[in-house]
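Structural description and commentary
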Amino acid sequence: MDKKHTNALINSASPYLLQHAHNPVNWQPWSDEINLQAQREKKLILVSIGYAACHWCHVMEHESFEDEEVAALMNGRFVCVKVDREERPDVDHYYMTSVQLMQMRGGWPLNVITLPDGRPIWGGTYFSKEAWMKNLTAVSDYYRKDIEKTVEYAASLQNGIKKVLLKIETNEVIPASEKLLERGVAVWKNNFDTQKGGRLGQPKFPMPVNLEFLLYYGFIQKDIEVLDFVSITLEKMARGGIYDQVGGGFARYSVDEDWKVPHFEKMLYDNGQMLSIYAKGFQLFKNEEYKTVVYETVDFLERELLDKTGAFYSSLDADSEGREGRFYVWKVAELKDILNDDFELFAEYFNVNSRGFWEHGNYIFLRENSDEEFAKLHHLELNELQEKILHWKKLLLEKRSKRVRPGLDDKTLTSWNALVIQGLVDAFRVFREKRFLELAEKNADFLLNHVFEKNGKLFHTWKNGKSTVNGFLEDYSLFIRALISLFENSGNKKWLDTAITLNDFVINNFYNKQMGLFYFAEDKPDSIVFNHFQTEDNVIPAANSVMAHNLHALYLLLGKPEYLIFAKRMLHSVTAQFPTYPNAFANWGSLMLKITHPHFEVVVCGGNARKITEEIQSEFLPQVIWAFSENESEFPVFKDRFKPGKTLVYVCRGGVCNLPVETAKEALGILHSEK
């Protein structure tokens with residue numbers, strides 16, 4: 001990298017911003033004061049948004065932002081601002097909405113030209129050098145020629161953005177019901193790829209939020225078609241190139257419909273959530289492949305994304321040595337040299353053939369069969385094959401570790417770390433692997449020590465001992481959810497106490513009484529960008545949907561019926577949209593299941609509470625919230641429920657409890673009888 005230039009990004013914590021710190025462009029980091037500089041210099045603002053693992057962001061940087069001619073044009077006519085979308089999701093969402101309104105599509109890199117006050121007037125995604133310079137010149141020339149018309153357009157666009165960001169469709173309040181869920185799932189089934197899993201067509205994204213809902217729905221409704229779809233999706237992803245067959249962990253998506261060729265970047269948020277869905281999938285379907293995925297993904301997270309403090313980093317780049325996927329793909333000669341006499345068997349197992357061929361003599365590893373099927377086909381004992389597979393992976397992982405590694409985004413995001421805590425806790429509950437719980441608790445302690453203040457305030461990012469950017473609703477909601485899960489599965493009351501503190505802070509600082517929803521950011525009237533209500537799920541569940549689940553859980557654990565009223569009002573803001581766009585409201589669908597179908601609190605009190613809880617949790621029970629304590633407690637969910645010398649299990653619905661029982665078998669009997 002040419003370092004003869006250094007701009008204001010050099011003091012940033014974000015690896016993405018630091019990638020641009022030596023561009024000849026005079027980049028500024030985002031701030032709500034950037035408009036004052038633009039007004040003083042009488043310039044338009046150019047906002048360019050991306051993230052560290054973004055392939056096309058790198059391409060545009062190389063072609064344009066490192067180019068002296070382009071930089072001269074940008075510096076001469078604009079105040080240039082670089083934004084890490086992961087660091088400032090509020091800014092990204094505002095400008096992404098503007099670009100989508102202008103041209104109905106968006107993506108990254110996201111490039112927007114704004115008036116000096118920050119209101120957008122033009123935008124797009126990736127541009128070649130020639131197209132970029134042409135557009136910058138045309139927009140700035142037009143602005144100089146007709147400021148009045150440009151301002152008029154900006155005002156019109158701003159009104160459109162405001163309507164999109166702050167208006168929720170609530171023309172009619174449709175009560176949550178089993179029929180509503182059935183209508184939505186019936187629509188959804190039309191897009192099931194029942195042969196290859198996932199949504200019909202390409203590209204294919206894992207979408208763990210959707211799979212979680214469908215697993216829950218299929219189980220509760222005994223819908224075999226839905227369960228088969230979830231099972232085939234989990235199986236095809238685990239066997240595809242989107243999954244790192246050598247080192248574990250998932251790439252962000254596959255560019256084809258076969259899960260073969262990934263966009264090779266690995267994101268923390270995907271892998272945290274995949275732990276949850278594969279652990280739950282194993283518990284219901286008993287597929288050993290899913291267990292392997294969980295263990296290998298945890299190994300990947302520990303090996304490649306874990307800081308010594310217990311924090312998890314954000315992502316690994318798709319590129320290394322200037323080539324996408326170079327770190328992960330293999331050539332035949334290299335494999336023969338490593339595997340020797342085992343190469344032929346290895347090549348059949350991982351499809352080092354026409355099916356696994358990618359480009360430039362490189363192969364992506366894929367699997368077609370279960371280990372049982374492959375062993376039988378090749379007249380091998382199953383344990384013999386699996387020993388070979390472990391040996392192969394060890395050899396290849398050792399060889400791969402000597403390659404030039406993909407770029408690492410080593411900032412820590414509170415929300416994404418919370419997703420990993422959740423995934424680790426879910427995996428612990430299923431597999432009882434103490435390492436998983438220890439990792440989760442270490443990470444939670446890290447967050448409490450570095451991004452949490454005693455009044456309940458959170459920060460969004462942390463790096464090198466410094467916390468920056470005020471937390472967003474996704475940070476609070478996902479961390480609260482993770483803390484509740486830690487309490488459910490560890491019995492440690494400190495996690496629930498912290499969740500309560502955070503929940504109170506969110507209600508006091510994010511809640512909009514008129515809408516009955518929570519803002520994405522703490523509301524600041526003087527901010528350049530509009531606030532918004534995040535209600536639609538994407539690769540991460542919508543922050544408001546997670547808060548609604550949290551309120552429902554805290555209603556049950558704390559005996560606060562007002563929280564149930566909160567949650568139901570939030571749900572009513574989206575029920576009208578669920579039947580038409582169920583995949584965008586899947587996490588709300590899970591809340592509907594909790595409200596429309598039997599949902600239980602299992603409370604275990606006494607010296608044997610942990611053991612009995614673990615016995616009950618051995619079954620797949622998505623319709624249960626857990627609380628256990630080995631010692632007497634005045635906490636609402638445990639109050640007056642201890643009896644000396646006994647361990648009692650209370651199975652309750654909405655605070656109304658059956659007579660206590662003393663064994664896991666009896667408790668399971670009640671749960672099964674009330675489905």
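As a reminder, the structure under discussion sits directly above these lines.
The structure contained in this document is the topic of the report that follows. Values in this document were obtained by computation on a predicted structure and should not be read as measured data.

This part covers the overall build of the chain. Looking only at helices and strands, the chain features 25 helices and 21 strands. In terms of overall size, the chain behaves like a compact globule, its C-alpha atoms giving a radius of gyration of 26 Å where 675 residues would be expected to give roughly 26 Å. For the chain, the C-alpha atoms occupy an extent of roughly 80 × 70 × 45 Å along the three principal directions. Taken across its 675 residues, the chain has 60% of its residues classed as buried. Nonlocal contacts in the chain, meaning residues at least 24 apart in sequence, comprise 69% of its contacts between residues at least 6 apart. Accessible surface computed for the chain: about 27300 Å², of which carbon and sulfur atoms make up 49%. Once the 79 positive and 93 negative side-chain charges of the chain are each reduced to a mean point, those two points are 2 Å apart.

This part is about the state of the cysteines. Applying the stated criterion to the full structure yields two disulfides. Residue pairing for Cys 54: its cysteine sulfur links by disulfide to Cys 57, the two sulfurs lying 2.3 Å apart. Judged by the sign of its S-S torsion, about 80°, the cystine formed by Cys 54 and Cys 57 is right-handed. Of the two residues, Cys 54 and Cys 57, neither departs from the other in class, the shared state being buried.

Bringing the layout of surface pockets into the picture now. The volume enclosed by the second largest pocket comes to roughly 620 Å³. In terms of lining residues, the second largest pocket is bounded by 27 residues, among which Thr 292, Glu 296, Ile 389, Leu 390 and Lys 393 are the most central. Those elements giving two or more residues to the lining of the second largest pocket turn out to be helix 12 (288–304), helix 15 (371–377) and helix 16 (382–400). The leading source of residues in the lining of the second largest pocket is helix 12, at nine residues. Of the residues in the lining of the second largest pocket, the class split is ten nonpolar, six polar and eleven charged.

For the rest of this paragraph, the subject is helix 24 (residues 609–617). Every buried residue belonging to helix 24 is among Ala 609, Ile 612, Thr 613, Ile 616 and Gln 617, and all of these are buried. The buried residues of helix 24 all sit within an arc of 135° when viewed along its axis, so they share a single face.

The next point concerns helix 5 (residues 89–103). Each full turn of the α-helix corresponds to 3.6 residues, which orients residues three or four apart in the same direction. Taking 1.5 Å per residue, 15 residues should reach 21 Å; helix 5 reaches 21 Å between its end C-alpha atoms and fits that length. For helix 5, the full list of buried residues reads Pro 89, Asp 90, Val 91, Asp 92, Tyr 94, Tyr 95, Met 96, Thr 97, Ser 98 and Val 99. The secondary structure elements touched by the buried residues of helix 5 are strand 2 (44–50), strand 3 (78–84), strand 4 (110–114), strand 5 (120–124), helix 7 (147–166) and strand 14 (459–463).

Attention shifts here to the nonpolar core. Ranked by internal contacts, the top residues of the largest apolar core, which has 175 residues, are Met 74, Trp 132, Phe 213, Tyr 278 and Phe 518. Not counting residues within four places of it along the chain, the set of residues in contact with Met 74 comprises Val 25, Trp 27, Leu 46, Phe 65, Cys 80, Trp 132 and Leu 136.

In this section: the pattern of salt bridges. Enumeration according to the criterion identifies 43 salt bridges in this entry. With its nearest N and O atoms 2.8 Å apart, the salt bridge here joins Asp 244 to Lys 266. Of this pair, Asp 244 sits in the loop between helix 10 (224–239) and strand 6 (253–254) while Lys 266 sits in strand 8 (residues 266–267); the two residues are 22 residues apart in sequence, bridging distant segments of the chain. Assigned by exposure class, Asp 244 and Lys 266 land together as buried.

This paragraph deals with the sheet that holds strand 19 (residues 624–629). On the basis of which strands lie adjacent, the open sheet formed by four strands has the order 19-18-20-21 and mixed pairing. Of all strands in the sheet, those bounded by a partner on one side alone are strand 19 and strand 21 (656–657). Here strand 20 (residues 648–653) runs beside strand 21; their pairing, made up of two bridges, is antiparallel. Within strand 21, the position partnered with Arg 653 by the bridge is Val 656. Contacting strand 18 (600–605), strand 19 and strand 20, helix 25 (residues 664–673) crosses the sheet at an angle of about 10° to strand 20.

As a further point, take the sheet that holds strand 8. To summarise the sheet geometry, strands pair through backbone hydrogen bonds and adopt either a parallel or an antiparallel arrangement. Spatially, 8-9-12 is the arrangement adopted by the three strands of the open sheet, whose pairing is antiparallel. With partners counted over all chains shown, the strands left at the sheet margins are strand 8 and strand 12 (408–409), one partner each. In the sheet, strand 8 pairs with strand 9 (residues 315–316) via two bridges, with the strands oriented antiparallel. Paired with Met 267 across the two strands is Ser 315, which belongs to strand 9.

A few words on the environment of Gly 361. Topologically, Gly 361 is positioned in the loop between helix 14 (343–349) and helix 15. In this structure, the C-alpha to C-alpha distance between Gly 361 and Gly 106, residues 255 residues apart in sequence, is 33 Å. Ignoring anything within four residues of it in the chain, the contact list for Gly 361 reads Trp 330 and Lys 331.

Turning to the pairing of strand 19, a few remarks are in order. The side chains of a regular strand alternate, residue by residue, between the two faces of the sheet. Of all six residues in strand 19, six are buried; the element is thus mostly enclosed. Taking every second residue as pointing to the same face, both faces of strand 19 are buried, with Val 624, Trp 626 and Phe 628 on one and Ile 625, Ala 627 and Ser 629 on the other. In this fold, the crossover linking strand 18 to strand 19 by way of helix 24 has right-handed handedness.

With that out of the way, let us pick up empty space enclosed by the protein. Counted according to the given criterion, the structure contains three cavities of 30 Å³ or more. Roughly 820 Å³ of volume is contained in the largest cavity. Around the largest cavity, the lining is made up of 39 residues, and of these Glu 212, Lys 280, Gln 422, Lys 594 and Pro 622 lie nearest the centre. Listing elements by their share of the lining of the largest cavity, those giving two or more residues are helix 9 (208–221), helix 11 (268–285), helix 17 (414–431), helix 19 (473–490), helix 21 (543–558), helix 23 (586–596) and strand 19. In this structure, the second largest cavity encloses a volume near 150 Å³.

If you trace the backbone, Leu 18 turns up in helix 1 (residues 15–19). Taking the C-alpha atoms as reference, Leu 18 lies 9.6 Å from Ala 8; in sequence the two are ten residues apart. Among all residues touching Leu 18, those that are not within four sequence positions of it are Leu 9, Ile 10, Ser 12, Ala 13 and Lys 463.

Turning our attention to the environment of Lys 463. For Lys 463, the position within the fold is in strand 14. Residue Lys 463 is classed as buried on the basis of its relative accessible area, which comes to 10%. Spatially, the C-alpha atom of Lys 463 lies 9.2 Å from that of Tyr 313, the residues being 150 residues apart in sequence. Beyond its immediate chain neighbours, meaning those up to four positions away, Lys 463 contacts Ala 13, Pro 15, Leu 18, Asp 410 and Lys 411. Side-chain polar atoms of Lys 463 contact the backbone oxygen of Ala 13, separated by 3.1 Å.

Before going further, it helps to spend a moment on the pairing of strand 14. For strand 14, the tally of buried residues reaches five of five residues, placing the bulk of the element in the interior. As paired elements, strand 13 (residues 412–413) and strand 14 share two bridges and run antiparallel to each other. Counted as the bridge partner of Leu 413 is Thr 461 from strand 14. Sheet topology places strand 14 next to strand 15 (residues 466–470); four bridges connect them, and they run antiparallel. Its bridge partner being in strand 15, Thr 461 is matched across the sheet by Thr 468. Between the end of strand 14 and the start of strand 15, which pair antiparallel, lie two residues, with Asn 464 showing a positive phi angle near 50°.

Calculation rules
Residues numbered from 1 in each chain as written. Predicted model: local features only at pLDDT ≥ 70, side-chain atom pairs only at ≥ 80, totals over all residues. Heavy atoms only, no water. Helix = DSSP H or I, 4+ residues; strand = E, 2+ residues; numbered from the N terminus. Rg over C-alpha atoms; globule rule 2.2 N^0.38 Å. Buried < 20%, exposed > 50% of the residue type's maximum accessible area, 1.4 Å probe, protein only. Contact = heavy atoms within 4.5 Å. Areas by Shrake-Rupley, 256 points an atom, 1.4 Å probe, with all protein chains shown as cover. Lys, Arg positive; Asp, Glu negative; His and termini not counted. Charge placed at Lys NZ, Arg CZ, Asp CG, Glu CD. Disulfide = S-S within 2.5 Å. 1 Å grid on protein atoms, 1.4 Å probe; cavity = no way out; pocket = protein on both sides within 12 Å on 5 of 7 lines; lining within 4 Å. Points joined across faces, edges and corners; volume = space filled by probe spheres on them. Nonpolar A, V, L, I, M, F, W, Y, C, P; charged D, E, K, R; others polar. Arc of directions from axis to C-beta. Expected span 1.5 Å × (residues − 1). Core = buried A, V, L, I, M, F, W, Y, C linked by side-chain atoms within 4.5 Å. Salt bridge = Lys/Arg side-chain N within 4 Å of Asp/Glu carboxyl O. Pairing = 2+ DSSP bridges. Axes fitted to C-alpha atoms, helices over the stretch in contact; angles between N-to-C directions. Right-handed = clockwise from strand over helix to strand, strands pointing away. Polar contact = N/O pair within 3.5 Å; in protein donor to acceptor, adjacent residues only side chain to side chain.

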